[in-house]
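Read off the chains here:
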Amino acid sequence: MTLTSGAAQLFVDENYAGASMILAEGAYNIERLDAPDAVGNDTVSSLTVVPGYQVTVYTDADFGGDSTTFTTDTPYVGDDLNDKISSVVVVKTTTASSSGFTGAADLGGSSRALFQLEAGFTNTTGALQGDTGSTALF
Ligand SMILES: [Ca+2]
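Just so it is clear, the model here is predicted, and its values are computed rather than measured.

*Asks:* Got a minute to help me understand the side chain of Thr 43 in this structure?
*Replies:* In this structure, Thr 43 sits in the loop between helix H1 (30-33) and strand E4 (46-49). Among the residues examined, Thr 43 registers a relative accessible area of 18% and is labelled buried. Not counting residues within four places of it along the chain, the set of residues in contact with Thr 43 comprises Phe 11, Val 12 and Asp 83.

Shown next, in the form of structure tokens:
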């Protein structure tokens, strides 16, 4: 793993080669992937994932089209995704935050969010902002 910071890394070639882009937790739509300092649209062929995070890739912009979620380093994303990835979401899957929340957020097309309150914590209010502008309050 060549990752030096962040939660995941995208590579334009198989086996973690070629131009790459380090991703922190967050949503990366086509404009971000296609920025001059990024890997480009429809280029990604491999990716790495830091343990405790997951990377969901989409074949279309705006987190649409076919999607697949990766939780481990992947030397080749497969024929169905190779050079077709146009948007990406990185989320933390294991959390032990001071808010007492654990769980995972899937900011896919339906902007799902699942959280579980840890023992010892009482009702807490939080907010999750999806890249599509949707907000969940709980
Ligand atoms: Ca490629």
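*Asks:* Explain the sheet that holds strand E3 (residues 26-28) here, please?
*Replies:* Strand order in this open sheet of four strands is E3-E7-E5-E6, and the pairing throughout is antiparallel. One side of each edge strand has no neighbouring strand; the edge strands of this open sheet are E3 and strand E6 (64-70). Here the average twist between neighbouring strands, direction ignored, is 15 degrees. The pairing of strand E5 (residues 53-60) with strand E7 (residues 87-92) spans six bridges and is antiparallel. The partner of Tyr 58 across the bridge, within E7, is Ser 87.

*Asks:* Sorry, what's going on with the coordination of the calcium ion here?
*Replies:* Six octahedral donors at a metal ideally form angles of 90 or 180 degrees, and four tetrahedral donors ideally form angles of 109.5 degrees. For the calcium ion, the full set of protein donor atoms is Val 12 (O), Thr 43 (O), Ser 45 (OG) and Asp 83 (OD), at a range of 2.2 to 2.4 Å. One chain supplies every donor for the calcium ion, spaced along it as V-x30-T-x1-S-x37-D. Of this pair, Val 12 sits in strand E1 (residues 8-13) while Ser 45 sits in the loop between H1 and E4, and the two are 33 residues apart along the sequence. The residues Val 12 and Ser 45 share a single accessibility class, namely buried.

*Asks:* Sorry if this is basic, but what is going on with the environment of Val 77 here?
*Replies:* Tracing the chain through its elements places Val 77 in the loop between E6 and E7. On the basis of relative accessible area, Val 77 is assigned to the buried category, the value being 9%. Once residues lying within four places of it in the same chain are set aside, the contact partners of Val 77 are Val 44, Ser 45, Ser 46, Leu 47, Phe 70, Asn 82 and Ile 85.

What counts, and where the lines are drawn
- Residues numbered from 1 in each chain as written.
- Predicted model: local features only at pLDDT ≥ 70, side-chain atom pairs only at ≥ 80, totals over all residues.
- Heavy atoms only, no water.
- Helix = DSSP H or I, 4+ residues; strand = E, 2+ residues; numbered from the N terminus.
- Buried < 20%, exposed > 50% of the residue type's maximum accessible area, 1.4 Å probe, protein only.
- Contact = heavy atoms within 4.5 Å.
- Pairing = 2+ DSSP bridges.
- Axes fitted to C-alpha atoms, helices over the stretch in contact; angles between N-to-C directions.
- Donors = N, O, S within 2.8 Å, 3.2 Å for Na, K, Ca; no water.

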